[in-house]
Amino acid sequence: MPILGQHNRLDAIITAYLRVDYLINLTKMLSSKENIAIMNGQKETILYINDGATLGENVINMPIDRLPWSIMVELVKPNIWNIVKANIWIPLFFILIFHLIYLIMILYYQRKVRKEETKENEIQKLELVGNLAASSAHEIRNPLTGIKGLIQLLSEKHQDQKDQLYFSIIQKEIARINEIVSQFLILGKPTAQKKHNMNLKMIIAELNPLIISEANLYNVKYIEKVPDEDIYVLGIADQMKQVLLNLTKNALEAMENGGQLELTVRPIRSNVLISVTDNGIGMSSRQLKKIFEPFNTSKESGTGLGLVVCKRIIESFDGEIQISSREKKGTRVNIILPLID
């Protein structure tokens, strides 16, 4: 590149042109912390970056291609503590994640074990009740029948009003014992009888007079929603009646100050949904968890076997029973049974 002076006279020629600012900026982008110096062939510093003018002993010297220059870089001694501080969060993060996963797995396993133990305890309770029913139900019923007959004879012989009151109480208690024994038998052998096709519409029609009369006693409005067409499921009609009467009785007893009882039947695909709903006192979540435990009852005269019997009967029909409830809002019992085409 020519350099012209006065009268366009050639004073000099530039054979090389180096933009030092570009070179400095580029070098700082590539290595912003290192001390760098560029020297010519006479070992003179012609360019330096950071503290490159005063390099120490720990230096790397490398020649530059096509130029009689060399580049010198001062190596910074690594600070082990800074490296550890900068990277220690990585193993700590993985350790924390591992412990969290381990804790979640332990909690899940313990919850599963507790659930299985609870289920096993319930099964053992039912087996205990079943064994008790199988071994002693008939032995209880036989003397009970004799006692009942003798009480009837005595009641005919002693017509005094006070005596009749005692006899009526004895008869009621005998009937209650007989009912408990019957529930034991169902718990022991829920599938002892042969199942038949039963028409739910017909069963509910036969139960309606009983439910309506009980509802009137409790000042409860009874609503029935059953489809016009017949609905058939496989089971035992008497046991199905027992389940529905037990559920409606529980619902009515939960509405001492009146309310509304609703019995609905609705086909859903290959199943039928039977719902018994009330707006009574309801149950807490703690009560709801123990609802199907044997001998668990909130009634003064209850046995704690009614819902257990209902569940055993429904399960023997290859069905499912579910209960949802809220305190002071009411309770809903859903029974799902497979339909017969």
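No experiment lies behind these values; they were computed from the predicted model shown.

Some words on the pattern of salt bridges
Inspection of every chain in the model, using the stated rule, returns 3 salt bridges. Here Asp11 makes a salt bridge to Arg9, at a shortest N to O gap of 3.5 Å. For Arg9, a relative accessible area of 59% corresponds to the exposed category. Glu206 is the partner of Lys241 in a salt bridge, and the nearest nitrogen-oxygen pair spans 2.5 Å. Residue Lys241 is located in helix 6 (residues 237-253), and its partner Glu206 is located in helix 5 (residues 200-217); the two are separated by 35 residues in the primary sequence. Overall, Glu206 belongs to the partly exposed group, its relative accessible area being 43%.

As for the pairing of strand 13 (residues 330-338)
In this sheet, strand 13 lies alongside strand 11 (residues 271-278) in antiparallel orientation, the contact comprising 8 bridges. The partner of Ile274 across the bridge, within strand 13, is Ile335. As judged from the 7 bridges shared by strand 12 (residues 320-326) and strand 13, these two strands associate in the antiparallel manner. Bridging from a neighbouring strand, Ser324 pairs with Arg332 of strand 13. The antiparallel pairing of strand 12 with strand 13 creates a hairpin that spans 3 residues between the two strands, and Lys328 there sits at a positive phi of about 65°.

Definitions and cut-offs
- Residues numbered from 1 in each chain as written.
- Predicted model: local features only at pLDDT ≥ 70, side-chain atom pairs only at ≥ 80, totals over all residues.
- Heavy atoms only, no water.
- Salt bridge = Lys/Arg side-chain N within 4 Å of Asp/Glu carboxyl O.
- Buried < 20%, exposed > 50% of the residue type's maximum accessible area, 1.4 Å probe, protein only.
- Helix = DSSP H or I, 4+ residues; strand = E, 2+ residues; numbered from the N terminus.
- Pairing = 2+ DSSP bridges.

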